[in-house]
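An overview of the molecular structure
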Amino acid sequence: MGKLLFLFIKSVNRKLTNQELNFSEEFDVHFNKENTLVIKEKSNRLKGFWGDGVYNFNLLLGKNGVGKTSILDLLGLNNKTRGLHFNRGKYFKIYQIQDNLFYYSGTMSNQIKNIDENLKKKNNFLFKFEDGFVKETNTRAQNQIHIHYIRNAINFSWSSTKKIFRKNDDTLIRYSYPTSKFKDVLNAYYKFGLFENQNRAIKIEQKITYSNNSRYLSYIYNFNSKDISRDSNNFLFLDDKSNELNNLIYKEYSRINQNSIYENHTNHKSYFILRLLEKILIKQLSTLISLERNKDSKFNVLFNILESKQMNDEIIDNETSIETKINYLIYMMNFMSFSFKEINLPIIEIDNLIELLDKIPDKFFYSYNEIVFPQEGNYHLDEISILIEEYTNYFKTSFVNFSDGELVYLNVFSTIAKAIEDSYAHDTILLLDEPDINLHPEWARRFIHDLIRIIQTKYLSKKVQIIISSHSPFIVTDFPKENIYLIKTNKKSTNEISNPEFGFAANFYDLISDTFFMESPIGEFALQKIQNIKNSKVTNSNQVIDTIDDQLLKRLIIEENINDKN
């Protein structure tokens, strides 16, 4: 039942003064001119309007700079951070916790006349509202309100100068500033069906690359302990006496030659795993060599590895099957991990990685370097997520055939879905700061629909309250006008908050013709051209008039031109 009912702003900056916002369909809350707090129940004509998952939904509408983000900051920043942002601010918020149990949070308790003396000068307290008075209570709240504040990703200025403190001295309200992980983005893509184009896919590539030095592979597969020299000056201490033979071996184990042997292998997965293990082993080997500073130490390291290789009793060459090579590489990596525990090697649980890759069907291994998951890849979310999140040193991901706008859309919804999921059993308030700012008009038009649909698929035990800010006409038509707060700058350069004349299912062309959204419903270049015709400043006016596509506008201009000439 925990809900935000009311926000009163006495002053938080030079533009927002003496403003109040009601966020409830069940209560009228006011702080009147006599400095008295009033809480009255009212009939809810919009009950059930937003569906089963949403208690109430409000829109803060206004151009940039009018204070939308300031309002959300007051609602969504925890006490300590809010104090840094608004250290001289005068404001307060009222929440309903349960039937006749309310919660005050703010800086104006000593200015509320109808309040118990014991509550004055407190910043946070529970109270009952009886007989027109704010009364102290010993009742304990049985629940906690979770507030998730999702800031506009482009607006970095506030976070670069002010720190959000995660801890909060308010045990009743838990604030969070969620971000989505890769798995959350995948969930949003695969499970919510936000996009219809089936050509999209998730691609995972091996991030780690081969060393240009083919001696590494030669050393791994071909050489034995008798082939290395303690006094040799070359990088891997291979015996200079057999240099001509070594050069042939190096050529055999060059990357080009290896690819020519295996790249047409019918099973891309096997070669994918083989290349990955080779790269990881080479990385470990090069790390070992670089850590040992003198030649004797390096020699001993290499010698011990090759001795182990001989004990494995495998003959490894280019005739050896890929599966045998894979098993051999796993053995070598496990040996190195065990033998050099004291050295800070880039060790991974290689058996776990191979087991993970084995779970992914062969058909998704697009090449020896790529795994591609189309729409049907939604059955492998766990494997994809683990590869990216736990093996980030070895893999990188990309979204195939996704536009930048679609990725923004995915990121917003994955963050929202994760936040709601984390608050499954709690009263939840979701604050969204201009989530539609980078979206294509069609996605902005369907944003509210998709948002409510995603909330309803979460099967929450409690409803969500949502407050969203925007300055786009596309999102307005989904809101009844009493659920919209329009913030406009008046002639005194201060901002006023009111309900607009437009709202649910309003005609879009009427909306954009309103000067709040645009000074004109057509582009400025076209507007100036038409103004110049009317002012007789265009020599080729007939050419411009013929270009106008709006037939009514064209006729009016022609008639006006004729009248002017007469």
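The structure we're discussing is the one just above.
Structural notes, computed from the coordinates. Just so it is clear, the model here is predicted, and its values are computed rather than measured.

Tallying secondary structure elements over the chain gives 19 helices and 18 strands in all. Taking all 566 residues of the chain together, the buried fraction comes to 51%. If you take every contact in the chain between residues at least 6 apart in sequence, the share linking residues at least 24 apart comes to 69%. Surface summary for the chain: the accessible area is close to 28,800 Å², and the carbon and sulfur share equals 47%.

Now for the sheet that holds strand E7 (residues 101–106). Taking strand neighbours across the sheet as the criterion, the 6 strands line up as E2-E1-E6-E7-E8-E9 in an open arrangement whose pairing is antiparallel. Looking at strand neighbours, the two that pair on one side only are strand E2 (17–22) and strand E9 (133–136), the edges of this open sheet. Neighbour-to-neighbour, the strand axes of this sheet turn through a mean angle of 30 degrees, independent of strand direction. Across 7 bridges, strand E1 (residues 3–11) lies against strand E6 (residues 90–98) in antiparallel orientation. The residue bridging Phe-6 from the neighbouring strand is Ile-94, located in E6. Of the strands in this sheet, E1, E2 and E6 touch helix H1 (residues 68–76), which is tilted by about 120 degrees from E1.

Our next topic: the packing of helix H11 (residues 350–359) against helix H12 (residues 381–390). One can describe the packing of H11 onto H12 by two numbers: an axis separation of 10 Å at closest approach and a directional angle of 145 degrees. Note on packing geometry: the crossing formed by H11 with H12 is left-handed. Seen from H11, the contacting residues are Leu-353, Leu-356, Leu-357 and Lys-359; seen from H12, they are Glu-383, Ile-386 and Leu-387. Of the residues in the contact of H11 with H12, the class split is 5 nonpolar, no polar and 2 charged.

Let us now look at the packing of helix H4 (residues 182–192) against H12. Interhelical geometry of H4 versus H12 gives an angle of 150 degrees and a closest axis separation of 9 Å. What the angle tells us is that H4 and H12 run roughly antiparallel. Judged by the sense of rotation from one axis to the other, the crossing of H4 with H12 is right-handed. Residue-level contacts link Phe-182, Lys-183, Leu-186, Asn-187, Tyr-190 and Lys-191 of H4 to Leu-381, Asp-382, Ile-384, Ser-385, Ile-388 and Glu-389 of H12. In terms of residue class, the contact of H4 with H12 is built from 6 nonpolar, 2 polar and 4 charged.

Thresholds, definitions, all that
- Residues numbered from 1 in each chain as written.
- Predicted model: local features only at pLDDT ≥ 70, side-chain atom pairs only at ≥ 80, totals over all residues.
- Heavy atoms only, no water.
- Helix = DSSP H or I, 4+ residues; strand = E, 2+ residues; numbered from the N terminus.
- Buried < 20%, exposed > 50% of the residue type's maximum accessible area, 1.4 Å probe, protein only.
- Contact = heavy atoms within 4.5 Å.
- Areas by Shrake-Rupley, 256 points an atom, 1.4 Å probe, with all protein chains shown as cover.
- Pairing = 2+ DSSP bridges.
- Axes fitted to C-alpha atoms, helices over the stretch in contact; angles between N-to-C directions.
- Left-handed = near helix turned anticlockwise from the far one by under 90°.
- Nonpolar A, V, L, I, M, F, W, Y, C, P; charged D, E, K, R; others polar.
- Parallel < 35°, antiparallel > 145°, perpendicular 65-115°, else oblique.

The values reported here are purely geometric and, on their own, carry no functional implication.
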